[in-house]
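One-letter residues, chain by chain:
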Amino acid sequence: MLVGAAPGVGKTYRMLDEGHRRAARGKDVVVGAADCRGRPHTKALLDGLELLDRKDDAAVGRPADGHGGFDLDAALRRRPGLLLVDDLAHTNPPGHRNARRWQDVEELLSAGVDVLTTIDVQHLESLSDVVETITEVPPGDGVPDGFVRGADQIVLVDVDPEDLRRRMAHGNIHPPEMVNAALASWFRPGNLTALRELALLWVADQVDDALRKYRTDHGIGGIWEARERVVVGLTGGPEGDTLIRRAARIAARSARGELSAVHVARGDGLTAGASSTALARQRCLVESLGGSYHTVVGEDVPTALLDFARAGNATQLILGTSRRCRLERFLTGRGIGETTVSLSGGIDVHMVTHERAGRGRLLPSRRRTLPLSRRIAGPLAGVVLPVLLTLLLDRVRGSVDLTSEALLFLLVVVGVACIGGVGSALVAAVTASLLLNYWFVPPTGAFSFEDPDSVLALGVFVVVAGAVAAVVDRSLRLSRRAASATAEAETLSALAGSVVRGEHTVPDLLARTRETFAAHAAELTDHPVDDPTASQVTMGDGSHLVLRGRTLPATDRRVLNAFAAHLMAAVERARLAEAAAEAETAKSADRMRTALLAAVSHDLRTPLAAGWAAVASLRSPDVDFTPEEQEELLATADESMARLSRLVDNLLDMSRLQAGALTLDLRPTAWEEVVPAALDGLPDDAGRRVALRGLEEAPLVLADPPLLERVVANLVANAVRHSPPQHPVLLGASTLAGRVELRVVDRGPGLPPADRERVFEPFQRLGDTDNTTGVGLGLALARGLTEAMGGTLTPEDTPGGGLTMVVTLPCAYSRTQGVPVPTEP
């Protein structure tokens, strides 16, 4: 069975090719039906294969190029060893014994005839609705998956969507008049990619079935299930680790299962109960289990969770059961989990219990947000302030009515809430209600609970006071949290800005950390320090960020964790940069070694072979050379040895430059001292093609004479090699701002700007066609020696065509005054 994602992937071609392969091995192969659709390469494969006599299939518009109407009775009479039947989902025209071709194949299999057939994934019964959703085109009648799965072997014929579209555009699938419509509808890139994924997953599931059968037959334990995408929702609470591990186990139960974790943050950044430290730890846990971590922003948590799950084609959503106690659930209604279940639709939602389930408190804990002094002052104020107000109102009794008195007590309750939170406010509300009942509700001077209206009023007062206090307390907490978040955001923004400005080295970040937290020192250590006054954070690589001189509160530690993450990234970047530098050094050395071996094997061998041949000829007793011939052979040997000497000197000098072992003897040097010697050492009388200008008037330069001679010789040799014979090379000197410029001007082909730096790379002959002229070190060595002497070597265009090499060196003495010439720093 050959399965493809779409028409045109090559199923028919592959079927016929397999038929030829089987026939070559002696198999009795017959083509029962082959839909070549006018494709010449596919139709050519019919040659050499026996075609079954077939009925006319004009009723369904099939071409008579190997397809035609499939004759089931003829196939049963012929009973070949292998019958090739294309398009398993084909609908037979009226008059056939079976309505569908797959039913014909089923009858052939029952008769013992082996069949090789093809099908597109769109025609699988289980995927027809999915294909229609993707392509918006009904795929027609499908083939039962059970029948397809019954094949002895299923092979996927796969092709990249863009390649398939190119086949369509070239007219290799549909006729030209149908190409544009097909590319704009069924053969859209998104459609083809989705169909390809369906085909891959469906075939992969069949492979899993075969593997599961193998394990069962061989007594191997373990189960392979269908592919799953599991999403786990995290709140930053302590139950997160449990949920992640449970979700990972669910994803691991199915082949190719995917695990994703998501945390929904509110748009205002004030998500209650979320611990950034816990979320960071849970992110590391998710990634260590092979999953991915995501943060989305949304005001409605259930909706945001389900939107994320649907966008990722998730099949299961894992949530923790509520941490709220029964009373809290009764008062606040349905929680996130219940709402998510009601809105989940086709996504399975798992509510996982944990040790914190149902253990939440109705009243929020103030222990983490209020200092000890306010936790003590709050309840005291809840008792003392109502008493003080009672004494004050008693003095002005009669001038204020009961409603105003109740509002004043409500104001006191709100003030107590600002001091000590909701718990203290409830104490104040109860105290105020009792004082109101005793001092101001008739009959005064006694507690009166006989009047239902008075009892109801006092009860409403307590409830209203408690509600108002709760709202005030929440507003204060959110305000403090917003201020803290703003401060943290500003700190992290400053940290990010320092990284953007280039302060990304470890010392820079350590200094920034010390300044931000006002610590005495900030350092990285391999082990934790035993210092009670130090604050420490363990980073992912096992090292520790230590702040000395200050113990940080828990709120600051969240920001410190962010600094630690940046530091760990900086340390890792430094390690990678160091490793890259070492690798580049090794790579450069390897390139140098390879080039050196090439030079030794070819360029050095050429003059050596020429000199050796000349000497061997002179020593040969079998030949009598005339004096002129002997002189010529000796000149050849001498020239070859001189060339060999220059090559060896260049190699040695380049190696010294790269190793930093070049010894310099800088002293005032005249150009007449080095230029003639450099020209005399050039081969083939190249020095005679050089014209000198202005060297006598040029000041002395601070240089190493032998090295400067090498620079001049290499530059002139290069210029002579590229300049036409009728144009001499110009060598001139001039003074500019305390420096001397030596210009070597040629009239050769010049050099494109893009190659002006490449020309100074060792072991290359940019533009040279003659590989016998050197090893490609001349210009590289010239620049290296010049820079070692404190100068520069730059290429310029020659006006009228050619290239000018400019050597710039500092002046040493003026010829006319004999005093040092000042040089620029």
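Being a predicted model, the structure only gives us computed values, none of them experimental.

**A closer look at the overall build of the protein chain**
Point 1. Assigned secondary structure in the protein chain consists of 25 helices and 21 strands.
Point 2. In the protein chain, which comprises 825 residues, the share counted as buried stands at 40%.
Point 3. Partitioning the contacts of the protein chain with sequence separation of at least 6, the portion at a separation of at least 24 is 68%.
Point 4. Accessible surface, the protein chain: about 43300 Å² in total, of which carbon and sulfur atoms supply 56%.

**Some details on a nonpolar patch on the surface**
Point 1. Taken together, the side chains of Leu372, Ile376, Leu380, Val383, Val384, Leu385, Val387, Leu388, Leu391 and Val427 define a hydrophobic patch exposed on the protein surface, amounting to about 840 Å² of accessible area.
Point 2. By residue number, the principal contributor to the nonpolar patch is helix H15 (residues 372-395), which donates 9 residues.
Point 3. Mapped onto the elements, Ile376 comes out in helix H15.

**Comments concerning empty space enclosed by the protein**
Point 1. According to the stated counting rule, one finds 2 cavities of 30 Å³ or more in the structure shown.
Point 2. Its volume calculated, the largest cavity comes out at about 40 Å³.
Point 3. In terms of lining residues, the largest cavity is bounded by Ala5, Ala6, Val9, Val159, Pro161, Leu164, Leu192 and Arg196.
Point 4. At the level of elements, helix H7 (161-169) and helix H9 (189-217) are the ones that each hand at least two residues to the lining of the largest cavity.
Point 5. Classifying every residue of the lining of the largest cavity gives 7 nonpolar, no polar and 1 charged.

**Details of the sheet that holds strand E4 (residues 82-85)**
Point 1. The sheet built from 6 strands is open, its strands ordered E3-E2-E4-E5-E1-E6 with parallel pairing. Strands with a single pairing partner mark the edges of an open sheet, and in this sheet they are strand E3 (50-51) and strand E6 (155-157).
Point 2. Sheet analysis places strand E2 (residues 29-33) next to E3, joined by 2 bridges and oriented parallel. The residue of E3 that forms the bridge with Val30 is Glu50.
Point 3. Across the face of the sheet, helix H1 (residues 11-24) comes into contact with strand E1 (2-4), E2, E4, strand E5 (115-120) and E6 while running at roughly 165° to E5.

**Some remarks on the packing of H15 against helix H16 (residues 402-420)**
Point 1. Here H15 crosses H16 at 160°, and the two axes come no closer than 9 Å. When the interaxial angle is binned, H15 and H16 end up roughly antiparallel. By crossing handedness, the relation of H15 to H16 is classed as right-handed. Residues Arg374, Ala377, Gly378, Ala381, Gly382, Leu385, Pro386, Leu389, Thr390 and Leu393 of H15 form the contact with H16, whose participating residues are Glu405, Leu408, Phe409, Val412, Val416, Cys418, Ile419 and Gly420.
Point 2. When grouped by side-chain class, the residues that make up the contact of H15 with H16 number 12 nonpolar, 4 polar and 2 charged.

**Some words on the nonpolar core**
Point 1. Grouped together as the largest cluster of nonpolar side chains are 58 residues, with contacts concentrated most on Leu16, Phe70, Leu84, Leu88 and Phe187.
Point 2. The greatest single-element share of this core, amounting to 6 residues, is contributed by H9.
Point 3. Residues in contact with Phe187, not counting those within four places in the same chain, are Pro7, Leu164, Arg165, Met168, Ile173, His174, Ala182 and Leu192.
Point 4. In this structure, Val675, Val711, Val716 and Leu793 belong to the second largest nonpolar core, which totals 40 residues.

**Some details on the packing of aromatic side chains**
Point 1. Scanning the model with the defined rule gives 1 aromatic pair in all.
Point 2. Seen in terms of ring centroids, Trp102 and Phe147 are 5.4 Å apart; in terms of plane orientation they differ by 50°. Their pairing is tilted. Note that Trp102 is positioned in helix H4 (residues 101-110) and Phe147 in helix H6 (residues 145-149), a separation of 45 residues in sequence. For the pair shown, Trp102 and Phe147 are each scored as buried.

**Description of the pattern of salt bridges**
Point 1. Counted by the stated rule, this structure contains 19 salt bridges.
Point 2. Between Asp73 and Arg97 there is a salt bridge, with its nearest N and O atoms 2.7 Å apart. Residue Asp73 is found in helix H3 (residues 72-78), and its partner Arg97 is found in the loop between E4 and H4; the two are separated by 24 residues along the sequence.
Point 3. In this structure, the salt-bridge partner of Arg783 is Glu757, at a minimum N-O distance of 2.9 Å. In this pair, Arg783 is assigned in helix H25 (residues 778-788) and Glu757 in the loop between strand E19 (739-745) and H25, connecting sequence segments 26 residues apart.
Point 4. Three or more residues joined by partner-sharing salt bridges are found here, namely Glu18, Arg21 and Arg22.

**Observations concerning the side chain of Arg100**
Point 1. As for its position among the elements, Arg100 is in the loop between E4 and H4.
Point 2. Look at Arg100 and you get buried, because its relative accessible area is 9%.
Point 3. Polar side-chain contacts of Arg100 include one of 3.2 Å to the backbone oxygen of Ala89.
Point 4. Here Arg100 is in contact with Ala89, His90, Thr91, Asn92, Asp141, Gly142 and Val143, once residues within four sequence places are set aside.

**As for unusual backbone geometry**
Point 1. For Arg79, which is not glycine, the phi dihedral falls at a positive 45°.
Point 2. Within the element layout of this structure, Arg79 appears in the loop between H3 and E4.
Point 3. At Asp87, a residue that is not glycine, the phi angle is positive and equals roughly 60°.
Point 4. Tracing the backbone shows Asp87 in the loop between E4 and H4.
Point 5. Using a relative accessible area of 17% as the deciding quantity, one classes Asp87 as buried.

**So, the pairing of E19**
Point 1. A large share of E19 lies buried, amounting to 6 of its 7 residues.
Point 2. For strand E18 (residues 729-736) and E19, the ladder comprises 7 bridges, and the chain directions are antiparallel. Among the inter-strand pairings, Leu730 is bridged to a residue of E19, identified as Val745.
Point 3. Here E19 pairs with strand E21 (residues 803-810) via 7 bridges, running antiparallel. Following the sheet pairing, Val745 is matched in E21 by Thr804.

**With respect to the sheet that holds strand E8 (residues 258-265)**
Point 1. Pairing is parallel across the open sheet formed by 5 strands, whose spatial order is E9-E8-E7-E10-E11. Looking at strand neighbours, the two that pair on one side only are strand E9 (292-297) and strand E11 (348-352), the edges of this open sheet. Across this sheet, the average inter-strand angle for adjacent strands is 25°, counted without regard to direction.
Point 2. Across 6 bridges, the pairing between strand E7 (residues 229-234) and E8 is parallel. Each residue of the ladder has a partner; that of Val231, found in E8, is Ser260.
Point 3. Of the strands in this sheet, E7, E8, E9 and strand E10 (316-320) are in contact with helix H12 (residues 301-311), which crosses E8 at around 150°.
Point 4. Where helix H14 (residues 336-343) meets the sheet, it contacts E10 and E11, and its direction lies at approximately 160° from that of E11.

**As for the confidence of the model for the protein chain**
Point 1. Looking at the protein chain as a whole, the pLDDT averages 76, with 76% of positions reaching at least 70.
Point 2. Counting contacts from residues 361-368, a segment whose pLDDT is below 50, to residues more than four positions away or on other chains yields 14 contacts.
Point 3. Within the model, pLDDT remains below 50 along residues 767-775, and this stretch shows 18 contacts once partners closer than five positions in the same chain are excluded.

The rules behind each value
- Residues numbered from 1 in each chain as written.
- Predicted model: local features only at pLDDT ≥ 70, side-chain atom pairs only at ≥ 80, totals over all residues.
- Heavy atoms only, no water.
- Helix = DSSP H or I, 4+ residues; strand = E, 2+ residues; numbered from the N terminus.
- Buried < 20%, exposed > 50% of the residue type's maximum accessible area, 1.4 Å probe, protein only.
- Contact = heavy atoms within 4.5 Å.
- Areas by Shrake-Rupley, 256 points an atom, 1.4 Å probe, with all protein chains shown as cover.
- Patch = residues over 30% accessible without salt bridge, like charges linked within 9 Å, V, L, I, M, F, W, Y side chains within 5 Å.
- Salt bridge = Lys/Arg side-chain N within 4 Å of Asp/Glu carboxyl O.
- 1 Å grid on protein atoms, 1.4 Å probe; cavity = no way out; pocket = protein on both sides within 12 Å on 5 of 7 lines; lining within 4 Å.
- Points joined across faces, edges and corners; volume = space filled by probe spheres on them.
- Nonpolar A, V, L, I, M, F, W, Y, C, P; charged D, E, K, R; others polar.
- Pairing = 2+ DSSP bridges.
- Axes fitted to C-alpha atoms, helices over the stretch in contact; angles between N-to-C directions.
- Parallel < 35°, antiparallel > 145°, perpendicular 65-115°, else oblique.
- Left-handed = near helix turned anticlockwise from the far one by under 90°.
- Core = buried A, V, L, I, M, F, W, Y, C linked by side-chain atoms within 4.5 Å.
- Phe/Tyr/Trp six-rings, centres within 6.5 Å; stacked < 30°, edge-to-face > 60°.
- Polar contact = N/O pair within 3.5 Å; in protein donor to acceptor, adjacent residues only side chain to side chain.
- pLDDT = per-residue confidence, 0-100.

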